[in-house]
Amino acid sequence: MDESVTLKKLAQKFPDAVVGTHRFRGDDTVIVTKDKIRDICFFLRDDPDLLYNFMMDLTVVDYLGREPRFEVVYHLYSLAHNQRVRLKALVPESDLTIDSVVPVWIAADWFEREAYDMYGVVFQGHPNLRRILLYEGFEGHPLRKDYPLKKRQPLIGPVN
Amino acid sequence: MGLKLSRWQVTRDLVARQKESTGPERLLDGSVILTRLEAAVNWARKYSFFLYPFVTACCGMEFMSVAGPRYDLDRFGAALPRFSPRQADLLMVVGTISHKQAPILVKVYNQMAEPKWVFAFGVCAVSGGFYDNYSVVQGIDTLIPVDIYVPGCPPRPEMVLDGLLQLQQKVKEERWSDWPRGEAPVSRC
């Protein structure tokens, strides 16, 4: 199978940032370091051969026990070229920050708030990084693998 | 059919006897019904629920089905959903209640005028259902008093109607001393 245009261009443009790539049944995956994530996203959006103008999803995966522990996953779609790419940025637990991509795609706003809410990843440069699903005063981030399964912290009423 | 016929016969005999009698009933001529006031009020209450649909999740679809023409809650007098708790006396909690929403539910309950009843519709409202996790209230009876529990995910319309009939039975047997119940017994909201 031909090497994808996306993978080739990214590897050329950001040789230091791209950690690994793979391609399975036409879907590209790029694993990158977190430092240049916003530049990479601007490049993916604006390059005339790529034009990834649709940010479909942003989420986080917790690989407890692995280093780096977290992965921020971006799913992008290019309406112009009918192409998808999955971007994985490695985030270690010791430095739980990554640049926000809200300046690139405004759609990232609530996705990043949810990712912060559930995993505690701080998106630097986000205009309004507050909890979105849970309430103020909730302690911890419940989708982390080390959040206690039976931990309850209701706003009112008994703990059960 | 037989029951109706016999009732009709009883009424006919009663009317005939009243006509024959010479007491004061003769003057009243069957225009008076004697009952306990409590029973009469309870009878009126049980056939005129004004419901407040607190719909939060997928059970809402089933609630629409029950309230719509096929199953038709109107047949039992629970016809008119009021979207203000001030005007409602039956709080239908339809769906999952998250911890974030719990203060809202309690506030709505406290805003309702008494007498008021609470109907837990679906297993999430009853016990939290399979959402045994960080975000879901494990049964609304931890927040507010519940009169009738209808489990199911979602409950069949027949179950809801049966629950409503059982609630009517409960209302019928209530005493005036059961009211007022007061505010919901949770501390802060």
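For the structure itself, consult the block above.
Source: prediction; values computed, not measured.

Caption draft 1: Representation of the packing of helix H3 (residues 37-46) of chain B against helix H7 (residues 157-172) of chain B in the model. Residues and elements named next belong to chain B. At a minimum axis distance of 8 Å, the contact between H3 and H7 shows a crossing angle of 160 degrees. Looking at the two axes, H3 sits roughly antiparallel to H7. Crossing handedness for the pair H3 and H7: right-handed. Residues Asn42, Arg45 and Lys46 of H3 touch H7, and the partners they reach there are Gln168, Val171 and Lys172. Considered class by class, the residues forming the contact of H3 with H7 number one nonpolar, two polar and three charged.

Caption draft 2: Summary view of the interface of chain A and chain B. Taken together, the contacts link 18 residues of chain A with 14 residues of chain B. In this assembly, chain A packs against chain B so that about 1400 Å² is buried in total across both faces, 60% of it on carbon and sulfur atoms. Its largest share of buried area at the contact with chain B, chain A owes to Arg152(A), Leu155(A) and Ile156(A), together 43% of the area lost on that side. The interface formed by chain A and chain B contains two salt bridges. One salt bridge in this structure joins Asp132(B) and Lys150(A), with 2.9 Å as the shortest N-O distance. Of the residues contributing to the side of chain A that touches chain B, the split by class is 13 nonpolar, two polar and three charged.

How each quantity is defined
- Residues numbered from 1 in each chain as written.
- Chains lettered and ligands numbered in written order.
- Predicted model: local features only at pLDDT ≥ 70, side-chain atom pairs only at ≥ 80, totals over all residues.
- Heavy atoms only, no water.
- Axes fitted to C-alpha atoms, helices over the stretch in contact; angles between N-to-C directions.
- Helix = DSSP H or I, 4+ residues; strand = E, 2+ residues; numbered from the N terminus.
- Parallel < 35°, antiparallel > 145°, perpendicular 65-115°, else oblique.
- Left-handed = near helix turned anticlockwise from the far one by under 90°.
- Contact = heavy atoms within 4.5 Å.
- Nonpolar A, V, L, I, M, F, W, Y, C, P; charged D, E, K, R; others polar.
- Buried area = accessible area lost by both parts, 1.4 Å probe.
- Salt bridge = Lys/Arg side-chain N within 4 Å of Asp/Glu carboxyl O.

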